[in-house]
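If you want the building blocks of each chain, they are given just below.
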Amino acid sequence: MRLASGQRKAREQERLRIGRDIHDDLGQHLLTLKIDMSMLQAGTRGATPQLARQLAGMARNVDLSIAALRRVIHDLRPPALDAGLQAACDDLLADFQRSTGIDCSCDYRLDAAAGSAHAPLLYHALQEALANIARHARATHVQLCLQQAGDTLAWRISDDGVGLSGSPPRLGCGLSGMHERVTAAGGKLHIDSRSGAGTTLHLSLPLPGCHDEAMVHR
């Protein structure tokens, strides 16, 4: 468990370092290129239509590259998590409720240290779950529950929608990817769903810090 905790912290630090390096290096190069492109477009205004189209296409590609870069940096460490996992989840649920009209509620029973243990994974899991609910569930209510039970962090999100088809339910690419990330972190993902009876995703993850503290006091 100590080794797993050290590995998790090392991965988190490496994600932060990579995100900073990408932003400071490649991000600045792309921003400089965007400025140069804008100046070139302004300096060649009134030139041939073909040149104007080519420059516009190049400018669009630069904008798309900047947007893709921001998504990569965001995935490495979502900025919303700077305020803590609970605040980030609250904001995500509030945005979801505003955009879909689906009522949301939440129940948090964990301390800040437990919430930070797997914060990026849990945040992305909530993003994926909400995206699936918005696209497929036809739900009227969503409930998120995050709680600490000993050395385990339990995450559950339920909706009252139409449920998933198949027995067991068929996993799309997003849920399959979530399952792989949870397994890699030493956790488990389980889905309860019946046609017409909604869907509940259960996710459990180990809290190495709790286990380490218990070992120290033995």
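Residues numbered from 1 in each chain as written. Predicted model: local features only at pLDDT ≥ 70, side-chain atom pairs only at ≥ 80, totals over all residues. Heavy atoms only, no water.

### A few points about the overall build of the protein
Next, step 1: Within the protein, the secondary structure is distributed over seven helices and five strands.
Next, step 2: Counting from the amino terminus, helix and strand elements in the protein follow one another as α-α-α-β-α-α-β-β-α-β-β-α.
Next, step 3: Per-residue burial for the protein yields a buried fraction of 33% across its 218 residues.
Next, step 4: In the protein, 68% of the contacts between residues at least 6 apart in sequence involve partners at least 24 apart.
Next, step 5: Within the structure as shown, the protein displays about 12900 Å² of accessible surface, and the carbon and sulfur contribution to it stands at 55%. (Helix = DSSP H or I, 4+ residues; strand = E, 2+ residues; numbered from the N terminus. Buried < 20%, exposed > 50% of the residue type's maximum accessible area, 1.4 Å probe, protein only. Contact = heavy atoms within 4.5 Å. Areas by Shrake-Rupley, 256 points an atom, 1.4 Å probe, with all protein chains shown as cover.)

### Observations concerning a nonpolar patch on the surface
Next, step 1: Taken together, the side chains of L31, I35 and M39 define a hydrophobic patch exposed on the protein surface, amounting to about 300 Å² of accessible area.
Next, step 2: The partly exposed category is assigned to L31, whose relative accessible area is 41%. (Patch = residues over 30% accessible without salt bridge, like charges linked within 9 Å, V, L, I, M, F, W, Y side chains within 5 Å. Salt bridge = Lys/Arg side-chain N within 4 Å of Asp/Glu carboxyl O.)

### Examining the nonpolar core
Next, step 1: By size, the foremost hydrophobic cluster in this structure holds 39 residues, and its most contacted members are L126, L130, I133, L146, W155, I157 and L203.
Next, step 2: For this core, the element with the most residues is helix 5 (residues 119-137), which contributes 10 residues.
Next, step 3: Once residues lying within four places of it in the same chain are set aside, the contact partners of W155 are L122, A125, L126, A129, L144, C145, L146, L201, H202 and L203.
Next, step 4: By size, the runner-up hydrophobic cluster in this structure holds seven residues, among which are M37, L55, A59 and L69. (Core = buried A, V, L, I, M, F, W, Y, C linked by side-chain atoms within 4.5 Å.)

### What about the pattern of salt bridges?
Next, step 1: As enumerated under the stated definition, the model contains three salt bridges in all.
Next, step 2: Across the salt bridge formed by D63 and K34, the nearest N and O atoms sit 2.7 Å from each other. Linking D63 in helix 2 (residues 49-76) with K34 in helix 1 (residues 2-43), this pair joins segments that are 29 residues apart in sequence.
Next, step 3: The partly exposed category is assigned to D63, whose relative accessible area is 35%.
Next, step 4: The residue R109 makes a salt bridge to D107 at a minimum N-O spacing of 3.0 Å.
Next, step 5: Under the relative-accessibility criterion, R109 is labelled exposed at 54%.

### Some remarks on the sheet that holds strand 4 (residues 188-193)
Next, step 1: With respect to topology, five strands assemble into an open sheet ordered 1-2-3-5-4, the strand pairing being mixed. Two strands bound the open sheet, and with one partner strand each, they are strand 1 (103-109) and strand 4. Recorded for the sheet is a direction-independent mean angle of 10 degrees between the axes of neighbouring strands.
Next, step 2: Sheet analysis places strand 2 (residues 141-149) next to strand 3 (residues 152-159), joined by eight bridges and oriented antiparallel. Bridged to A149 within strand 3 is T152.
Next, step 3: Against the sheet, helix 3 (residues 85-100) touches strand 1 and strand 2, its axis set at about 170 degrees to strand 1. (Pairing = 2+ DSSP bridges. Axes fitted to C-alpha atoms, helices over the stretch in contact; angles between N-to-C directions.)

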